[in-house]
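Reading the structure
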Amino acid sequence: LTAMHRDALSSEPSAITRFFGCKTMATLGSIAFPMFIVHGPLGQIFYKKAIAKKLWGKPMPHAFFPFYLAICLGISHLVNEHFVKNKKV
């Protein structure tokens, strides 16, 4: 643990440290909690038989999963920007 901390603070961190410290990974880390909160209800809307049958006529096929993931990422980003980061909330 000490070695990883020293690597992160060094002038030339290792490739894995740079990878996990890049802007993309930091952004994904910041939406982890909103994603945890959002994915369950969205998954039920698209995939739970009782709910999806009433909304869409049937549960979404497996091929829809990339779109579900994109929807979860987008909504998680919005929740993070407008709710989690909001000082007024």
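Residues numbered from 1 in each chain as written. Predicted model: local features only at pLDDT ≥ 70, side-chain atom pairs only at ≥ 80, totals over all residues. Heavy atoms only, no water.

A few words on the side chain of Asp7. Of note, Asp7 is situated in helix H1 (residues 2–9). Despite its burial, Asp7 pairs with no opposite charge; the closest candidate is Arg18, at 7.3 Å N-O. Separated by 2.9 Å, the side chains of Asp7 and Ser14 make a polar contact. Ignoring anything within four residues of it in the chain, the contact list for Asp7 reads Glu12, Pro13, Ser14 and Thr17. (Helix = DSSP H or I, 4+ residues; strand = E, 2+ residues; numbered from the N terminus. Buried < 20%, exposed > 50% of the residue type's maximum accessible area, 1.4 Å probe, protein only. Lys, Arg positive; Asp, Glu negative; His and termini not counted. Salt bridge = Lys/Arg side-chain N within 4 Å of Asp/Glu carboxyl O. Polar contact = N/O pair within 3.5 Å; in protein donor to acceptor, adjacent residues only side chain to side chain. Contact = heavy atoms within 4.5 Å.)

Let's shift gears to the packing of aromatic side chains. Applying the stated criterion across every chain, the model contains 8 aromatic pairs. Relative to Phe20, the ring of Phe19 has its centre 5.1 Å away and its plane inclined at 65°; by these criteria the two rings are edge-to-face. Taking relative accessible area as the criterion, Phe19 reaches 43% and is therefore assigned partly exposed. In textbook terms, an aromatic cluster arises when at least three aromatic residues are bridged by ring pairs, as seen for Phe46, Tyr47, Trp56, Phe64, Phe65, Phe67 and Tyr68. (Phe/Tyr/Trp six-rings, centres within 6.5 Å; stacked < 30°, edge-to-face > 60°.)

Right, let's talk about the environment of Phe83 for a bit. Tracing the sequence through the fold places Phe83 in helix H6 (residues 65–84). Taking the relative accessible area as the measure of exposure, Phe83 reaches 49% and is therefore partly exposed. A C-alpha to C-alpha distance of 9.4 Å links Phe83 and Pro34, two positions 49 residues apart in sequence. Apart from residues lying up to four places away in sequence, Phe83 is in contact with Leu78 and Val89.

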